[in-house]
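Here is what each chain is made of, one letter per residue.
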Amino acid sequence: NMTNEIALAQEPQNTGAIRAFIDTSTEEGQVALYTAINNAEPLNEHLGEPLAIKSVVSQKVAMTDDNTGEVRDAIRTIFVTADNSAYSATSDSIASSVNTMFGIFGTPDTWKGPKTIVVNERRSRKGNRYYAMEILPAK
């Protein structure tokens with residue numbers, strides 16, 4: 001399955017590994033990245049809000065399944081907005097949507113300006129909750 005190979009190629013490989021589109025050649029950039037990772041607000045507190053994102057950080061994390069206690073790798077996605085707020089979610093559907101967005105629009109370091117996204121919670125046919133991300137056209 002080609003899409004899985006592409007998605008995996010773009011993800012950080014080791015737990016704790018980070019893939020970021022923030023210029024960290026300056027201390028200002030390094031502080032911005034650190035702040036995004038450590039001070040990100042939960043995305044689920046901002047569902048339905050348009051977020052003008054200028055950068056995305058992906059971090060591989062170990063998640064423990066509440067039901068089975070099994071530990072698995074997951075991707076924590078952190079959206080950094082134009083006003084330097086940060087919002088994070090550990091969600092396979094968000095990680096997948098971000099990879100699709102990068103495939104179409106390029107990575108954030110190539111954008112001419114912020115992209116406005118809206119994330120909402122949906123239910124699958126089986127009743128599982130997941131996040132759906134929309135990209136709004138530039139005004």
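Each remark here, short or long, concerns the structure printed above.
Everything numeric in this text was worked out from a predicted model, so none of it was measured.

Relative to strand 6 (residues 115-123), strand 3 (residues 51-64) runs antiparallel, the two sharing 3 bridges. Its bridge partner lying in strand 6, alanine 52 is registered against threonine 116. Sheet topology places strand 6 next to strand 7 (residues 129-136); 8 bridges connect them, and they run antiparallel. Its bridge partner lying in strand 7, threonine 116 is registered against leucine 136.

Our next topic: helix 3 (residues 92-105). The terminal C-alpha atoms of helix 3, which comprises 14 residues, lie 20 Å apart, in line with the 20 Å expected from a rise of 1.5 Å per residue. Taken as a whole, helix 3 has its buried residues at Ile94, Ala95, Val98, Asn99, Met101 and Phe102. Around the axis of helix 3, the buried residues are gathered within 160 degrees of arc, so they sit on the same side. Exposed positions of helix 3 whose direction lies more than 90 degrees from the buried face are Gly103 and Ile104. A positive backbone phi angle near 85 degrees is found at glycine 106, which sits one or two residues after helix 3.

It is possible for side chains of opposite charge to pair when their charged atoms get near one another. Tallying each qualifying case throughout the model produces 2 salt bridges. Across the pair aspartate 92 and arginine 72 runs a salt bridge whose closest N-O atoms are separated by 3.6 Å. In this pair, aspartate 92 sits in helix 3 while arginine 72 sits in strand 4 (residues 71-81), placing the two residues 20 residues apart along the sequence. The class of aspartate 92 is partly exposed, set by a relative accessible area of 46%. Here glutamate 121 and arginine 129 are joined by a salt bridge, their closest N and O atoms 4.0 Å apart. A relative accessible area of 37% places glutamate 121 in the partly exposed class.

In this structure, asparagine 84 is a non-glycine residue whose phi angle is positive, near 70 degrees. Assessed through its relative accessible area of 51%, asparagine 84 is described here as exposed.

Here we take up the pairing of strand 5 (residues 86-90). Of all 5 residues in strand 5, 4 are buried, a share of seventy percent or more. Across 2 bridges, the pairing between strand 2 (residues 41-42) and strand 5 is parallel. Within strand 5, the position partnered with proline 42 by the bridge is serine 88. Pairing of strand 4 with strand 5, which is carried by 5 bridges, proceeds in the antiparallel orientation.

About the cut-offs
- Residues numbered from 1 in each chain as written.
- Predicted model: local features only at pLDDT ≥ 70, side-chain atom pairs only at ≥ 80, totals over all residues.
- Heavy atoms only, no water.
- Pairing = 2+ DSSP bridges.
- Helix = DSSP H or I, 4+ residues; strand = E, 2+ residues; numbered from the N terminus.
- Expected span 1.5 Å × (residues − 1).
- Buried < 20%, exposed > 50% of the residue type's maximum accessible area, 1.4 Å probe, protein only.
- Arc of directions from axis to C-beta.
- Salt bridge = Lys/Arg side-chain N within 4 Å of Asp/Glu carboxyl O.

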